[in-house]
Amino acid sequence: MTKTLDDVRSVLIETLELQQSPDELTAQTPLFGELPELDSFGVVQLVAAIEDRFGIVIEDDEFGAEIFATVGALTEFVDGKVAAA
């Protein structure tokens, strides 16, 4: 999970143009509702960037606030998608 966590943090910082360093984004860092950059448009951008980076497809019915609850939740979701691909 560490490699995926590092990659997810990089995608978050690059896509949302966050000012945080990767070390500041822990698995427990809340995302949706806490980061003003992660609005509805930010979610679309983030999903596209994750799909590109990890070579996965996130279906519309997989979208939910729980995926974007924390950095760790997003990382676990990505890990699951990559393992299933």
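A short tour of the structure in this document, coming up. (Residues numbered from 1 in each chain as written. Predicted model: local features only at pLDDT ≥ 70, side-chain atom pairs only at ≥ 80, totals over all residues. Heavy atoms only, no water.)

1. Some thoughts on the side chain of Thr29
Then, in step 1: Along the chain, Thr29 turns up in the loop between helix H1 (2-16) and helix H2 (40-54).
Then, in step 2: At 2.8 Å, the side chain of Thr29 and the backbone nitrogen of Thr26 are in polar contact.
Then, in step 3: Not counting chain neighbours up to four residues away, the residues in contact with Thr29 comprise Glu24, Ala69, Thr70 and Val71. (Helix = DSSP H or I, 4+ residues; strand = E, 2+ residues; numbered from the N terminus. Polar contact = N/O pair within 3.5 Å; in protein donor to acceptor, adjacent residues only side chain to side chain. Contact = heavy atoms within 4.5 Å.)

2. Some points on the environment of Ala73
Then, in step 1: Here Ala73 is to be found in helix H3 (residues 71-84).
Then, in step 2: For Ala73 and Leu31, which are 42 residues apart along the polypeptide, the C-alpha to C-alpha distance reads 9.6 Å.
Then, in step 3: The contact partners of Ala73, leaving out residues within four places of it in the chain, are Glu66 and Ile67.

3. Examining the nonpolar core
Then, in step 1: Of all hydrophobic cores here, the largest spans 24 residues; its most connected members are Leu12, Leu38, Leu46, Ile50, Phe68 and Leu74.
Then, in step 2: When contributions to this core are tallied by element, the ones reaching two or more residues are H1, H2 and H3.
Then, in step 3: With six residues, H1 is the largest single contributor of residues to this core.
Then, in step 4: If near-sequence neighbours (up to four positions away) are discounted, Leu12 is found in contact with Glu17, Leu18, Leu25, Leu31, Leu46, Val71 and Leu74. (Core = buried A, V, L, I, M, F, W, Y, C linked by side-chain atoms within 4.5 Å. Buried < 20%, exposed > 50% of the residue type's maximum accessible area, 1.4 Å probe, protein only.)

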